[in-house]
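Here is what each chain is made of, one letter per residue.
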Amino acid sequence: ITSADVLGILPLKLHPFSQSTPTGLDCVGWKRRISSPVIADGALDKTALTDDVGSEEDLYEDFRSSSHRYGHAGGGGEQLAINELISDGSVVYAEALWDHVTMDDQELGFKAGDVIEVMDATNKEWWWGRILDSEGWFPASFVRLRVNQDEPMEDYPLKIEGGKEDDSSSGTRRFGMGQTTKDQMRTNVINEIISTERDYIKHLKDICEGYIKQCRKRADMFTEEQLKTIFGNIEDIYKCQKKFVKALEKKFNKDHPHLSEVGSCFLEYQTEFQIYSEYCNNHPNACMELSRLTKVNKYVYFFEACRLLQKMIDISLDGFLLTPVQKICKYPLQLAELLKYTNPQHRDFKDVEAALNAMKNVARLINERKRRLENIDKIAQWQSSIEDWEGEDVLVRSSELIYSGELTKISHPQAKSQQRMFFLFDHQLVCCKKDLLRRDILYYKSRINMDDMEILDVEDGKDKDFNISVKNAFKLHCQDTEEVHLFCAKKPEQKQRWLKAFENERRQVQLDQETGFSITEVQKKQAMLNASKQHQTGKPKAVTRPYYDFLMRQKHPTLPTTLPQQQVFMLAEPKRKPSNFWQNISRLTPFRK
């Protein structure tokens, strides 16, 4: 059997894609306890794979004859290593790659750069973690494990801002059975940067040569426009990263890694890294096109044959295409950790400091665009859960949920009060009513155009316009029509959050106008179409606090083994099945408590 035979779509037994996303297990600085290959930043442990992989013919025959999947290193191997450390009493920390904002009290919200204590990684897609006194589920694909796991938590900032730390932490610390210095910790970070860059290049090469090259041979299956949609400008990224790795290796001091001066490399390539913006912006379109094609069996066979012939690990194509998005968001975290272990007297200090700020700006722009594009799907899903919807779709004018909560609305002329749920989007405020019996069901009631409104803070006491006594109140006033809406919150702090939210709404609208941000009509229509479809849930069932405490006392908490696997089609956000109201709202990542 030749490569041409395999890529010619011979009759094969359907081999479903692995639904996993590489989460970036970084093992530098702590002992690796498993022998199976481990993904590091979506990379391959080559020595472990070499022993297991035979010829292309062997791979193909195995693929044809076996009904099981090739073991996913990033799933089982990672979880075994992490849970083994946890069960042994070790504390495992992860850093957030992206913001995870949620309203679900079973989920753990955090921002990019936050450090999370991983308490349970039994489930592949959702881990249980803790930040200060808050605990909850979070998507595993949103984090990377910290390089220096043995470093005391009290010496590590909960949120990295600029990467600087107090000089008091620069001395020698005790780790495990021996001593280590700041230079040794810097060595760990330098080694991680170099090794993950080499692995990343291998990833990009596999995509370009293993997939794109073969796809171009099949003009009967793919048009150039389709290939541009699926792979974006990943070939340009590959060329850029090859040059970047060469520059890094020139600055890498093999004998004394801690003396390496890599900061200048990031500064030199900061402008070229902006090509990632095009890739990240296109990525949702790539996922949609890939999703459409893989509904046809011959494309599933073709992509799987490409992967096997290139001897790539068992991750589906959409998982491989996610790695550039993860990579550009990971650079600021690596540089922040590098700066933390770089003495101010080090020749690389100023360059690393400048590189951190530069890569933060690059990642911030890309991350914001990514988040906003994800929001439109979530807003569409939210709207589909509202009963008796009237008028235009939310997406016609809005692309972000700023805030939501319960308020008492008082209307003229009888000053009748009504308890309602309000959702503040950019440009509009949507009003809904809860079902009397099922409080998780909402009915659409009305909306207010925020572009015409001014916000008025109302003092506690008797209001002259409505002739009633109010507390924790504010008004929305339309200068053109003299229309007035009076609202009351239950607590003063809730009122202040609403007033702040109205400020943020106007600021967001102004920023979008300045940056020219907009959502295309195609994206809006696709989002509404996606919302009408049913998705299987990817999040573990809720675990009550007493039961979770009991599981934690057993040191090896487990979750139901029947959980469906994650399906990665929109960046790294796990898909969720529309169910009750609060789960619908938890999809709206822009919400902030």
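So, here is what we can say about the structure in this document. (Residues numbered from 1 in each chain as written. Predicted model: local features only at pLDDT ≥ 70, side-chain atom pairs only at ≥ 80, totals over all residues. Heavy atoms only, no water.)

## Some thoughts on the overall build of the protein chain
When its secondary structure is counted, the protein chain shows 16 helices and 16 strands. Classification of the 593 residues of the protein chain by burial places 56% in the buried group. Taking the contacts inside the protein chain whose residues are at least 6 apart along the sequence as the reference set, 70% of them involve residues at least 24 apart. Of the roughly 26400 Å² of accessible surface on the protein chain, a fraction of 49% belongs to carbon and sulfur atoms. (Helix = DSSP H or I, 4+ residues; strand = E, 2+ residues; numbered from the N terminus. Buried < 20%, exposed > 50% of the residue type's maximum accessible area, 1.4 Å probe, protein only. Contact = heavy atoms within 4.5 Å. Areas by Shrake-Rupley, 256 points an atom, 1.4 Å probe, with all protein chains shown as cover.)

## A look at the pattern of salt bridges
This structure, assessed with the given rule, holds 31 salt bridges. Among the salt bridges present, the one from arginine 307 reaches glutamate 304, with a minimum N-O distance of 2.6 Å. Of the two residues, arginine 307 and glutamate 304 are both situated in helix H10 (residues 297–309); the distance of three residues between them amounts to about one turn of the helix. Aspartate 451 serves as the salt-bridge partner of arginine 506, at 2.7 Å between the closest nitrogen and oxygen. Of this pair, arginine 506 sits in helix H13 (residues 492–515) while aspartate 451 is found in the loop between strand E11 (442–449) and strand E12 (453–458), placing the two residues 55 residues apart along the sequence. (Salt bridge = Lys/Arg side-chain N within 4 Å of Asp/Glu carboxyl O.)

## What about the sheet that holds strand E3 (residues 126–131)?
Sheet architecture is open: five strands sit in the order E4-E3-E2-E1-E5, paired in antiparallel fashion. Looking at strand neighbours, the two that pair on one side only are strand E4 (134–139) and strand E5 (143–145), the edges of this open sheet. For this sheet, the mean inter-axis angle between neighbouring strands, taken without regard to orientation, is 45 degrees. Sheet topology note: the strand E2 (residues 115–120)/E3 ladder contains three bridges and is antiparallel. Across the sheet, the residue bridging to valine 118 is glycine 129, located in E3. Where helix H11 (residues 317–340) meets the sheet, its contacts fall on strand E1 (92–96) and E5, and the angle it forms with E5 comes to roughly 40 degrees. (Pairing = 2+ DSSP bridges. Axes fitted to C-alpha atoms, helices over the stretch in contact; angles between N-to-C directions.)

## Section: helix H7 (residues 234–251)
In this model, H7 (18 residues) spans 25 Å end to end at C-alpha, consistent with the 26 Å of a helix rising 1.5 Å per residue. Among the residues of H7, Ile234, Ile237, Tyr238, Cys240, Gln241, Phe244, Val245, Ala247 and Leu248 are the ones counted as buried. Here the buried face of H7 lies against helix H5 (182–216), helix H6 (224–231), helix H8 (263–269), helix H9 (275–293) and H11. (Expected span 1.5 Å × (residues − 1).)

## Some points on the pairing of strand E16 (residues 484–488)
Counted residue by residue, E16 has four buried out of five residues, so it is predominantly covered. Relative to E16, strand E8 (residues 401–411) runs antiparallel, the two being bridged by three bridges. Paired with lysine 409 across the two strands is phenylalanine 487, which belongs to E16. Across five bridges, the pairing between strand E15 (residues 473–478) and E16 is antiparallel. Bridge pairing links alanine 473 to cysteine 488 in E16. The hairpin turn running from E15 into E16, its antiparallel successor, is five residues long, and glutamate 482 in that turn takes a positive phi close to 65 degrees.

## Let's talk about the packing of H5 against H10
Close contact between H5 and H10 brings their axes to 9 Å; oriented N to C, the two are set at 130 degrees. Relative to H10, H5 is oriented oblique. With respect to the hand of their crossing, H5 and H10 are arranged in right-handed fashion. Across the interface between the two elements, Gly210, Tyr211, Gln214 and Cys215 from H5 touch Phe302, Phe303, Cys306 and Arg307 from H10. The residue makeup of the contact of H5 with H10, split by class, is five nonpolar, two polar and one charged. (Parallel < 35°, antiparallel > 145°, perpendicular 65-115°, else oblique. Left-handed = near helix turned anticlockwise from the far one by under 90°. Nonpolar A, V, L, I, M, F, W, Y, C, P; charged D, E, K, R; others polar.)

## Observations regarding the environment of lysine 475
Note that lysine 475 resides in strand E15. A sequence separation of 66 residues divides lysine 475 from lysine 409, and the C-alpha atoms of the two residues are 9.8 Å apart. Ignoring anything within four residues of it in the chain, the contact list for lysine 475 reads Glu454, Ile455, Leu456, Val458, Asp463, Asp465, Phe466, Val484, His485 and Leu486. Looking at lysine 475, its side chain comes within polar contact range of the side chain of aspartate 463, at 2.8 Å. Of the polar contacts made by the side chain of lysine 475, one reaches the side chain of aspartate 465; its length is 2.6 Å. (Polar contact = N/O pair within 3.5 Å; in protein donor to acceptor, adjacent residues only side chain to side chain.)

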